[in-house]
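Okay, here's what each chain looks like letter by letter:
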Amino acid sequence: MRDALLVSPSRIEGHVQGNRLYKTKVMVEEGELACECSCPFDWELFCKHGVALLLYWLYKKKDVPKLENLKGELLKKSKNELADLVLTAARKDARVYGKLNKTANKPVSFEAFRRQVSQLFSRRDFWDWDEVDDLAEELGELVDEGKQYLEKNDAASALSCFEAVAYGIIDKVNDTHTEGQLEEVFSNAAGQMVVAFNKTPHAPDQSRTKLEKWIKTAVDCEYGFEGELLDAILENLDSERLGLAEEAAKKILEEKTPEKERPFRCRQLVGFVLDLQIRQGKEKEAIQTGQAHFEYAYERLVDYYLRKKKYDQAIQTAENGLCFAKGFEVSDLKAKIAEAQKATGKPMAAFNSLLEAFIRDWDLAKYEQMKSLGLAGWAEKRKIVLGRIQNAGERTVLAQALAMDGDIAGLEKLLSKLTKDDDEELRIIEKALRRKAPANSVKALRLLALHSLRWTDRNGYRMAAGYLKQAKTLLIKNGLGKELSDLKQFIARIKVMNRKKPALQDEFKEL
């Protein structure tokens, strides 16, 4: 244990030292013990840190005062003693300081803000995913404090505050697994940073230098914050400084050639320049940028031409971009080609493009797009689409497509080919057949029950019983006597085959 326990009638919590310092709680929920811990262990109810917390409490019970008892002791202290206790806590915890500051209803101090940021990031050199939730919460509170400067029209101090948070994240958070958890906080801090910059009086050269610094930071980011920072600049920068940002970005682009930088960095930067030019209405410049850096800008160019309803250029650019595209990019470009073809009155060409996109990523949205083209003879064309599906993962898409079209015959045919292993497809088919073909819906439920029984534990037995109860209710509701008799025999066989498994017999006793 690193800290004193916090004990209340239904909860114990504290910090347990393991490979790192973990925040651990043990509580009573619905009459049973439960555990929460910041460690990565999540495959059983209790981790070793939760056990350690309980053992510590059991053996040190006399030394651990209950939370409600502390209040009585604190009331015996003088105001000065209480103030000293609170200030000691504030020196150790930036969140306590922040709450004190707000409670005192005093204007936020810029030096105090910087001290909080510095204190927060000096706690450790490396932040891992199991610790970053607390970090994100504290950073969010600091960003909210920084907004007070903007409310008081002190844009220069606000700018410094938001930069402190944004650069702290970039410099100190060095694990790609944590980036997603901090994305919202970083995006908020970066956006407010640009808003404060807009309100700060700067000479053009100073503004350009500041923007160049930010863009260079974004391009040089090691992890996933580069896009967030560029988006913050693009979305929040005022119109008067868009041209300065464009100049700064183009200067960096000239330095960051593909030979010196990874292509992804070039793609981000080229797209940023192109978007800045589009925002300023510089159509010719945007096209020139895209053509000069085509390998990194074909997607942006296609989107631009589609927005401008220049469909022939969109198709040509997308087809040229296919030379560079890989994986899902190919599918997306094919779908964009189809969008342009449909708009130019070529539904059959659009169908063929969407078909190629569909068989690359099995995206049901593209199936819906093909269906919406309104082509004559859709039934035959649908056979072409569904005929391209082969393996188990793709069969799930087939089940969804058949269910979406209400094709009962097709679902029944697919059901006859499935086994109890195909649980995802079975669930889709069962749901679709429930109203129009209840007997076949029951076949799917029986297979799902067999799938659950393979777990050979109470949870699996409970799921199997649940599926069979659904089947029984469905047959009774639809007056299917013969099928109900067959189901009862099926359940009886399961009970006999598993007569030495009391957990299964217990779960099946109501069937």
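What follows concerns the overall build of the chain. Each helix and strand in the chain was counted, giving 26 helices and 4 strands. When the 511 residues of the chain are sorted by exposure, 43% land in the buried category. A separation threshold of at least 6 residues defines the contact pool for the chain, and within that pool the share at least 24 residues apart is 57%. Split by element, the accessible area of the chain, about 28100 Å² in all, is 50% carbon and sulfur.

With that out of the way, let us pick up the pattern of salt bridges. Going through the model one piece at a time under the given rule, you end up with 30 salt bridges. Of the charged contacts, one joins K147 and D144 as a salt bridge, the two residues approaching to 3.8 Å between their closest N and O atoms. Taken as a pair, K147 and D144 lie in helix α6 (residues 132-151) at a separation of 3 residues, close to a single helical turn. D144 gets classed as partly exposed once you look at its relative accessible area, which sits at 42%. One network of salt bridges, in which partners are shared, links R458, R462, D506, E507 and K509.

Right, let's talk about the packing of aromatic side chains for a bit. Counted by the stated rule, this structure contains 9 aromatic pairs. On the basis of an interplanar angle of 20° and a centroid distance of 6.2 Å, the ring pair of Y298 and F324 is categorised as stacked. One end of the pair, Y298, is in helix α14 (residues 294-307); the other, F324, is in the loop between α15 (311-321) and α16 (328-343), with 26 residues separating them in the sequence. On the accessibility criterion, Y298 (1% relative accessible area) is buried. With a centroid separation of 5.3 Å and 80° between ring planes, the pair formed by F358 and W362 is classed as edge-to-face. As far as burial versus exposure is concerned, F358 and W362 are alike and both buried.

Turning our attention to the nonpolar core. Counting residues in hydrophobic clusters, the biggest one holds 76 residues, and the most contacted among them are L139, V165, I169, L182, W214, I215 and F272. The contacts of L182, once residues within four sequence positions are left out, are V132, L135, A136, L139, I169, V173 and F225. Judged by nonpolar contacts, the second largest core, of 56 residues, contains I389, I408, Y467 and L504.

Right, let's get into the packing of helix α9 (residues 204-220) against helix α11 (residues 242-255). One can describe the packing of α9 onto α11 by two numbers: an axis separation of 9 Å at closest approach and a directional angle of 50°. As the angle between them shows, α9 and α11 are arranged oblique. At the point where α9 passes α11, the crossing takes the right-handed sense. Residues P204, S207, R208, L211, E212, I215 and K216 of α9 pack against L244, A245, E247, A248, A249, K251 and I252 of α11.

On the secondary structure map, A325 appears in the loop between α15 and α16. Overall, the relative accessible area of 11% leaves A325 in the buried class. Distance from A325 to E299, taken between C-alpha atoms, is 9.3 Å for residues 26 residues apart in sequence. With residues near it in sequence (within four places) discarded, A325 still touches Y298, V330 and L333.

This brings us to the pairing of strand β3 (residues 21-29). Inspection of the sheet shows strand β2 (residues 11-17) paired to β3 by 7 bridges, in the antiparallel sense. If you follow V16 over to β3, its bridge partner there is Y22. The hairpin turn running from β2 into β3, its antiparallel successor, is 3 residues long. Examined bridge by bridge, β3 and strand β4 (residues 32-37) share 6 bridges and lie antiparallel to one another.

The subject of this paragraph is the side chain of D275. As for its placement among the helices and strands, D275 is situated in helix α12 (residues 263-279). Given the relative accessible area of 18%, D275 is considered buried. For D275, the contacting residues outside a window of four places in its chain are L234 and R300.

A grouping of V51, L55, L58 and Y59 is seen on the molecular surface, where their side chains present a nonpolar patch of about 440 Å² in accessible area. Along the chain, L58 turns up in helix α1 (residues 48-59).

Quick notes on the rules
Residues numbered from 1 in each chain as written. Predicted model: local features only at pLDDT ≥ 70, side-chain atom pairs only at ≥ 80, totals over all residues. Heavy atoms only, no water. Helix = DSSP H or I, 4+ residues; strand = E, 2+ residues; numbered from the N terminus. Buried < 20%, exposed > 50% of the residue type's maximum accessible area, 1.4 Å probe, protein only. Contact = heavy atoms within 4.5 Å. Areas by Shrake-Rupley, 256 points an atom, 1.4 Å probe, with all protein chains shown as cover. Salt bridge = Lys/Arg side-chain N within 4 Å of Asp/Glu carboxyl O. Phe/Tyr/Trp six-rings, centres within 6.5 Å; stacked < 30°, edge-to-face > 60°. Core = buried A, V, L, I, M, F, W, Y, C linked by side-chain atoms within 4.5 Å. Axes fitted to C-alpha atoms, helices over the stretch in contact; angles between N-to-C directions. Parallel < 35°, antiparallel > 145°, perpendicular 65-115°, else oblique. Left-handed = near helix turned anticlockwise from the far one by under 90°. Pairing = 2+ DSSP bridges. Patch = residues over 30% accessible without salt bridge, like charges linked within 9 Å, V, L, I, M, F, W, Y side chains within 5 Å.

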